[in-house]
Amino acid sequence: VELLVGEDGAPTELARQWSARYDEIMVDEYQDTNEVQNAIFTALSRDGTNLFLVGDVKQSIYRFRLADPTIFLKKYRTFLPYSEAKEGEERRVILSRNFRSRPEVLEGCNFLFRGLMSVPFGEMDYTDDQALYAGASFQADPTYCVELDALDCGADGEEEAEKVSRDLLEARFAARRIAELLNEGFPVSDGEGGVRPIRPSDIVILLRSPNTVLRHYAKALGERDILWEAEGGDDFFGSTEISVALSLLQIVDNPRQDVPLISVLRSPVYGFSADRLAHIRAASPDTDFYAALAADQGEDSRAFLAELDDLRFGAGDKSSHELLWHLYDSTNLLGIFGAMAEGETRQGNLLALAELARQFEGTGHKGLFRFLTYLTRLRENGAKLAPPTAGRTGGGVRIMSIHKSKGLEFPVVLLCGLARRLNREDMSRPILFHPKLGVGPKGLDVDRGIEYSTLARMAVARQLEREMMAEELRLLYVAMTRAKEKLILSVALTGGRKDLEKLAGDASYPVDPQVLLGCQ
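These numbers come from a predicted model, not from an experiment. (Residues numbered from 1 in each chain as written. Predicted model: local features only at pLDDT ≥ 70, side-chain atom pairs only at ≥ 80, totals over all residues. Heavy atoms only, no water.)

Focus: the overall build of the protein
Keep this limit in mind: Under the DSSP-based scheme used, a helix requires at least four consecutive residues in state H or I and a strand at least two consecutive residues in state E, with every element numbered from the N terminus. The cut-offs for exposure are 20% and 50% of the maximum accessible area for each residue type, with area from a 1.4 Å probe on protein chains only; residues under the lower value are buried, those over the upper are exposed, and the others partly exposed. The contact rule is simple, with two residues in contact once any of their heavy atoms fall within 4.5 Å. Shrake-Rupley sampling with a 1.4 Å probe provides the accessible areas, and residues are treated as covered by the protein chains on show and by no other component. Under the convention used here, Asp and Glu are negative, Lys and Arg are positive, and both His and the chain ends fall outside the count. Charge positions are represented by NZ for Lys, CZ for Arg, CG for Asp and CD for Glu.
Counting secondary structure elements, the protein contains 20 helices and 17 strands. The C-alpha extent of the protein, read off along each of the three principal axes, is 95 × 70 × 55 Å. Here the protein, with 520 residues, has 45% of them falling under the buried criterion. Expressed as a percentage of contacts within the protein between residues at least 6 apart in sequence, the contacts between residues at least 24 apart total 73%. As displayed, the protein has an accessible area near 27900 Å², and 52% of this comes from carbon and sulfur atoms. Side chains of the protein carry 62 positive and 80 negative charges; the gap between the two charge centres is 1 Å.

This is how it looks when you write it as structure tokens:
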């Protein structure tokens, strides 16, 4: 920017030399431009006369990268329609034809966003210009209408006894709905004018933050034997979390193995110190470590052996896949390693191990001993095993974040987790910043030792919250418009019918922006 833009804001001599090289400058995804990029585009063009910009402000979802949708909106609102502009004048062309999705999907999106998106809430009105119109030809069919499933997750009876989490209930619903689509051979386009039965690879589950709930979806899909994939790392045999999980499996199979037993005791799961292990060994120098542990009278040793007995009880009746999930749930392995550095990757590796076990059993092999033998052989041969969740081989239901899905399209989309609360953590920072309103500090009374909010802080917080809510609305738009043929929305309500009745009582159409700003 310093090379191209002078202190007076005009292009430098260098910028003029470079701008002479270009007939046209074409910018895609212009709604995600920030002020630095915009300054470069302007300086390298001929005063903006040879700039060709393409974008959709309803898909601006990168404010955390300082993308500023108001740059796009300013041009959108001031440029004349193409047919009205004179030669050389700035002009706009509306591209409203959607060649991706069935009319049923587009009608659902249009209905929803006409009722939600406005200048006060969403930074723009959802007018006829903004609405989506089908560009591809599809036969009308109510089978493909947008589907909203409200799950009643109020705890009662058996569910209360199990304390099943709302996320797992919603994941199990998604898995059940996917199984129904696959079993009934739901028809999707074959790309040649006909239809074919749906495959797992045609389906994507979109989530706002997949890593926090991925284990629930992996478990639910595994219960129904449905292949799935998500983003993962490369080799995971050398990682701490996989070593601990495999060591746990080994001592469940046979606890009289010193190396895996000590590995588990030293792991973050049980946290025995080196000094504590040396003390246990010194008291029983002539036995294996399991016997030494059994002879020890420490409370930590007794607690560990009791838990190990619980894990081993009934292990012979479980498949290795089921046993791994039992270990994860009993020891909170996913939670412990998820809280460490690179926790998301570590959790992904553990989920990959469970999926590997499920695939191993799918080939007809049974039993924990065989699975461990298979893994040992792989490790000894130096195999660099890519997790089955890495998503490179294809063939499974994809689990993906909304941000990662931008620009992609899928025959069937399940958009889940719509009841998750919006993240307002940014509003609680000690000092708030806004590019136009400036700084919003807290007031500090040193004498009385108290801090309080200032008028400036309240103003900045209110504007930041409005912008955050607008971005979340655009995220919803991006997610819904990924679907080509079938869109399934799910919302898991702890209050069930009461929640729906309250929403129905509050609602008008279009929904009042003040009502929306109060939503959680």
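Description of the environment of Pro268
Within the fold, Pro268 resides in the loop between helix H9 (258-266) and helix H10 (274-283). Accessibility expressed as a relative area gives 41% for Pro268, which makes it partly exposed. Taking C-alpha positions, Pro268 is 12 Å from Ser243, a pair spaced 25 residues apart along the chain. Apart from residues no more than four positions distant in its own chain, Pro268 is found in contact with Ile336, Phe337 and Met340.

A closer look at the sheet that holds strand S13 (residues 410-415)
For the record, the criterion: Two strands make a pair as long as DSSP finds a minimum of two bridges between them. Here an axis means a line fitted to C-alpha atoms, over the contact stretch when the element is a helix, while the angle between two N-to-C directions is reported on a 0 to 180 degree scale.
Read from one edge to the other, the open sheet built from six strands follows the order S7-S17-S13-S10-S12-S11, with strand pairing classed as parallel. Taken across any chain shown, the strands that pair with only one partner, and hence form the sheet edges, are strand S7 (147-152) and strand S11 (228-229). Sheet topology note: the strand S10 (residues 203-207)/S13 ladder contains four bridges and is parallel. Following the sheet pairing, Ile205 is matched in S13 by Leu414. On top of the sheet, helix H6 (residues 166-183) reaches S7, S10, strand S12 (397-401), S13 and strand S17 (483-493); it is set at about 150 degrees to S17, its chief contact.

Quick notes on the pattern of salt bridges
Threshold: In the sections that follow, a salt bridge refers to a side-chain nitrogen of Lys or Arg positioned within 4 Å of a carboxyl oxygen of Asp or Glu.
Under the criterion given, the structure shown has 33 salt bridges. Residue Glu180 pairs with Arg177 through a salt bridge whose shortest N-O separation is 3.2 Å. Linking Glu180 with Arg177, this pair stays in helix H6, spanning three residues, or about one helical turn. Residue classification places Glu180 among the partly exposed positions, given a relative accessible area of 34%. For Arg358, the salt bridge goes to Asp225, with nearest N and O atoms at 2.5 Å. Taken as a pair, Arg358 in helix H15 (residues 343-362) and Asp225 in the loop between helix H7 (210-223) and S11 lie far apart in primary sequence, 133 residues in all. On the basis of relative accessibility, which here comes to 9%, the residue Arg358 falls in the buried class. When its relative accessible area of 56% is taken as the criterion, Asp225 is described as exposed.

Quick notes on H10
Quick reminder of the rule: Each C-beta atom gives one direction from the helix axis, and the arc is the one those directions make.
Arg276, Leu277 and Ile280 are the residues of H10 that are buried. Taken around the axis of H10, the buried residues stretch over an arc of 100 degrees, which confines them to a single face. For H10, the exposed residues lying more than 90 degrees away from the buried face are Asp275, His279 and Ala282. Packed against the buried residues of H10 are H9, helix H11 (289-295) and helix H12 (299-312).

Topic: the sheet that holds strand S15 (residues 438-445)
Strands sit in the order S14-S15-S16 across an open sheet of three strands; the sheet is antiparallel. Only two strands of the sheet have a single neighbouring strand rather than two, namely strand S14 (431-434) and strand S16 (450-453). Ignoring which end each strand starts from, the neighbouring axes of this sheet average 25 degrees apart. The sheet contact formed by S14 and S15 spans four bridges and is antiparallel. Bridge pairing links Phe433 to Val439 in S15. The strands that helix H18 (residues 455-480) touches are S14, S15 and S16; relative to S14, the one it contacts most, it runs at about 60 degrees.

A look at the pairing of S12
Taken across its five residues, S12 has four buried, putting it largely inside the fold. Of the pairings in the sheet, the one linking S10 to S12 comprises four bridges and is parallel in character. Bridge assignment links Leu206 to a residue of S12, and that residue is Met400. Of the pairings in the sheet, the one linking S11 to S12 comprises two bridges and is parallel in character. Bridged to Glu229 within S12 is Arg398.

Examining the side chain of Ser320
By the element assignment, Ser320 lies in helix H13 (residues 320-331). Using a relative accessible area of 1% as the deciding quantity, one classes Ser320 as buried. Dropping the residues within four chain positions of it, Ser320 is found in contact with Ala357, Glu361, Leu368 and Phe371.

Quick look at unusual backbone geometry
For residues that are not glycine, phi is negative in most cases, and the peptide bond is trans in most cases. In this chain, Tyr509 is followed by Pro510 through a cis amide linkage whose omega measures -5 degrees. Structurally, the position occupied by Pro510 is in the loop between helix H19 (497-506) and helix H20 (513-517). Positive phi is not limited to glycine here, since Glu29 has a value of about 50 degrees. Looking at the element boundaries, Glu29 is found in the loop between strand S1 (25-27) and helix H2 (35-44). Non-glycine residue Glu123 carries a positive phi angle of around 70 degrees.

Comments concerning the pairing of S17
Among the eleven residues of S17, ten are classified as buried, and the element is accordingly described as predominantly covered. Two strands pair when backbone bridges link them, and S7 and S17 are joined in this way by six bridges, in the parallel orientation. Each residue of the ladder has a partner; that of Glu147, found in S17, is Ile488. Summarising the sheet, S13 and S17 pair through five bridges and their orientation is parallel. From the neighbouring strand, Phe410 faces S17, where its bridge partner is Ala483.

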